[in-house]
Amino acid sequence: MGVISCVTIRSQILQRLTTTSGHGIEDTALSLLALRNSGADPRALLGKQHRSGAWSALPNIDPLSAFHTALALLAIRPFQTTAVRRAAGRAFEWLSELRGLESHWLWQWKFRLFDRQVRFDPLKSGWPWVPDTVSWVAPTALSIAAFRAWHRESTRIAPAIAMLLDRACPKGGWNAGNSVVFGVDLDPHPDFTAMALLALRNGSPGHEVLLRRSLDYLGARLEGSSSPYSLAWAVMALSAHGHQGVDHLKNRLERCTAAKFDRLPHRVLALVALALEDIPYTFEEPSR
Amino acid sequence: MKRRSLVGAAALAATAGLGIHQSKVSHVPYRRPRRSHVAVLHCDRYERTPQVVEHGLQLVRPSVQGKHVLLKPNLVEYSPAATINTHPMLIAAVIDALYKLGAASVIVAEGPGHIRDTDLLLYESGLGAQLEILKRASFVDLNFDSVTRVVPGTGLTQLKELWLPTTVQSADVVISMPKIKTHHWAGVTLSLKNSFGILAGSVYGWPKNVLHWKGIDNSIVELAVSVPIHFVIADGIEAMEGNGPLHGPMRRLGCVVFADDPVAADATCCRLMGIDPGRVRHLQMAAPLGNIDLANIEQRGESVERVMQRFDLLPEFAYLRG
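As the structure is a computational prediction, the values presented were derived from the model and not from experiment. (Residues numbered from 1 in each chain as written. Chains lettered and ligands numbered in written order. Predicted model: local features only at pLDDT ≥ 70, side-chain atom pairs only at ≥ 80, totals over all residues. Heavy atoms only, no water.)

1. Details of the overall build of chain B
Phase 1: Along the backbone of chain B there are 13 helices and 13 strands.
Phase 2: For 322 residues, the compact-globule estimate of 2.2 N^0.38 gives 20 Å, and chain B sits close to it at 19 Å.
Phase 3: Projecting the C-alpha coordinates of chain B onto the three principal axes gives extents of approximately 65 × 45 × 40 Å.
Phase 4: Out of the 322 residues belonging to chain B, those deemed buried represent 63%.
Phase 5: For chain B, long-range pairs separated by at least 24 residues make up 77% of all intrachain contacts whose partners lie at least 6 apart in sequence.
Phase 6: Total accessible area computed for chain B in this model is approximately 12,400 Å², and 54% of it derives from carbon and sulfur atoms.
Phase 7: Measuring between centres, the 33 positive side-chain charges of chain B sit 7 Å from its 29 negative side-chain charges. (Helix = DSSP H or I, 4+ residues; strand = E, 2+ residues; numbered from the N terminus. Rg over C-alpha atoms; globule rule 2.2 N^0.38 Å. Buried < 20%, exposed > 50% of the residue type's maximum accessible area, 1.4 Å probe, protein only. Contact = heavy atoms within 4.5 Å. Areas by Shrake-Rupley, 256 points an atom, 1.4 Å probe, with all protein chains shown as cover. Lys, Arg positive; Asp, Glu negative; His and termini not counted. Charge placed at Lys NZ, Arg CZ, Asp CG, Glu CD.)

Now the structure itself:
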């Protein structure tokens, strides 16, 4: 596929998403969001919600997933039907009950007294990927974004934001969830950094330097990248923070997507479509 | 405050005791072969891997004719400063050699434990380019593969079910291709620990934290039972010591290890690192699955003593020394 314009590649993606379907909840949720102004119907995603209120990575499997539940909440947000609001209510109930194991006093003692090779503050807690594990950056960031997009107040948001700030890598950006292990600074990863930056977009007083460093890291890290997945997340995060590097990455994202179009899964194509909107999508919806 | 500390410590001790009890009542099926075959071949640089792999496969003789073979390398994350991943040139040499031996198909499959963007990792690690050149083996990202339910058989992890990638389960032959490294939680990461990458990140997250919380050693053995490894080709040309699996310094061990038994392979790799395999907990637990005892391992190629180096270990793992 040769060089094609942003509009063309985006319309080709939407065409693909309309006529074919992926197999996971991430495919379905991101496709729904990408097609939200093109007649998409949330019922397929609602039909895959677990009776607990959560979603898992694939329909009808355990374990239930905070990441996919948050993503589904973000995806159904633009469709304000009664069924959507009911599904969202159950999903938020499930998310509100789910905590990282480190929030339990027993494990807090373990981490404070014995298990000290990983540097983090167990008092600052967010969301785990799946139940019975500790908090990690991606599910925490998306859960914060979901609460915010739905304008839901929760006592869980402040400690989750504190957790993200605590887990930032020493030089900026975010790894999967740890910053220093066995005395070694971990390197940030672009996608987790972008997700954290989206969750922290409303400003974190006292942490401006961290945010600036993380945004600069993101722009520089992907300057020569050919991966549409990371580029798309980065475009959305830089755009949310009004960073100057967004146009450069957006151009790069178009070219890389055109070159790999036939090989990209739905979840990546949908993410690219969201990032290539005139104003890149940032998971925030106006208040209703 | 002191009372709370005591209560906390007592609760943790009780939890640890429960874990040990659980390990003892678990059931690891007996699958140990009467004899295992391991070949250690000298190889000082990756450019020589085609000849070394061909020779190694002659010595270990994997049965791959007409079969669908899955290669499971260790592809974790990329850093220009560290030798983390199974080298792409070794993987390419193995693909070529397997087709020469009559394999019906060869795929490379991995679910990186820390990275969601496998596309980026394939590019940066050089594996993507190597596979493009070869055009004979596709790559499957196990993190996003379709999954099938498996009921764990050992009781070690207390997981009621495991969701394992269909691609792995439909392969006729699974060849684990670990990088020989120390590991700051498990002591070593070799063919058995390499199976953590089989679990789908989309189901369990990044990292696959549930395996850590169910006990790393327990999970390693559970996976070894659920997903049998048929052969091992371990990259010891440039290995890693100290704070592995990501941040240790490179140790030029200069060999490739071939084996038809993952337990024997890992035991041999431990000996090559100056580690007593009998002190590695997950190897002790996996003993019913393969041979640790030298008397039951038919050693080919170089002798272990000739290649062996004394790897640096974190103080926490000093007890592993042979």
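2. Quick word on the pattern of salt bridges
Residues and elements named next belong to chain A.
Phase 1: Under the counting rule described, the total for this entry stands at 23 salt bridges over all chains.
Phase 2: In this structure, arginine 36 and glutamate 277 form a salt bridge, with 2.8 Å as the shortest nitrogen-oxygen distance. Residue arginine 36 is located in the loop between α2 (25-34) and α3 (43-46), and its partner glutamate 277 is located in the segment after α13 (266-275); the two are separated by 241 residues in the primary sequence.
Phase 3: Given the relative accessible area of 16%, arginine 36 is considered buried. (Salt bridge = Lys/Arg side-chain N within 4 Å of Asp/Glu carboxyl O.)

3. A closer look at the environment of B:Phe139
All names here are of chain B.
Phase 1: By the element assignment, phenylalanine 139 lies in strand β4 (residues 138-141).
Phase 2: Taking the C-alpha atoms as reference points, phenylalanine 139 and glycine 215, separated by 76 residues in sequence, lie 30 Å from one another.
Phase 3: Residues in contact with phenylalanine 139, not counting those within four places in the same chain, are Leu75, Val108, Glu110, Thr118, Leu122, Leu127 and Leu131.

4. What about the interface of chain A and chain B?
Think of interface size as the accessible area that goes away when the parts come together; that is how it is often given.
Phase 1: Taken residue by residue, the interface counts 47 residues in chain A and 39 residues in chain B.
Phase 2: For the pair chain A and chain B, the two sides together bury roughly 3,700 Å², of which 65% comes from carbon and sulfur.
Phase 3: Ranking the residues of chain A by area buried against chain B places A:Trp109, A:Trp129 and A:Phe182 at the top, with a combined share of 17%.
Phase 4: Counting across the chain A and chain B interface gives three salt bridges.
Phase 5: B:Asp119 is the salt-bridge partner of A:Lys260, the closest N and O atoms lying 3.0 Å from each other.
Phase 6: Those elements giving two or more residues to the side of chain A that touches chain B turn out to be α4 (66-76), α6 (105-113), β4 (184-185), α9 (190-199) and α11 (228-240) of chain A. (Buried area = accessible area lost by both parts, 1.4 Å probe.)

5. A closer look at the environment of B:Arg61
All names here are of chain B.
Phase 1: Its place among the elements puts arginine 61 in the loop between α2 (49-60) and β2 (68-73).
Phase 2: A relative accessible area of 65% places arginine 61 in the exposed class.
Phase 3: Once the C-alpha coordinates of arginine 61 and leucine 101 are considered, the two residues, 40 residues apart in sequence, prove to be 9.4 Å apart.

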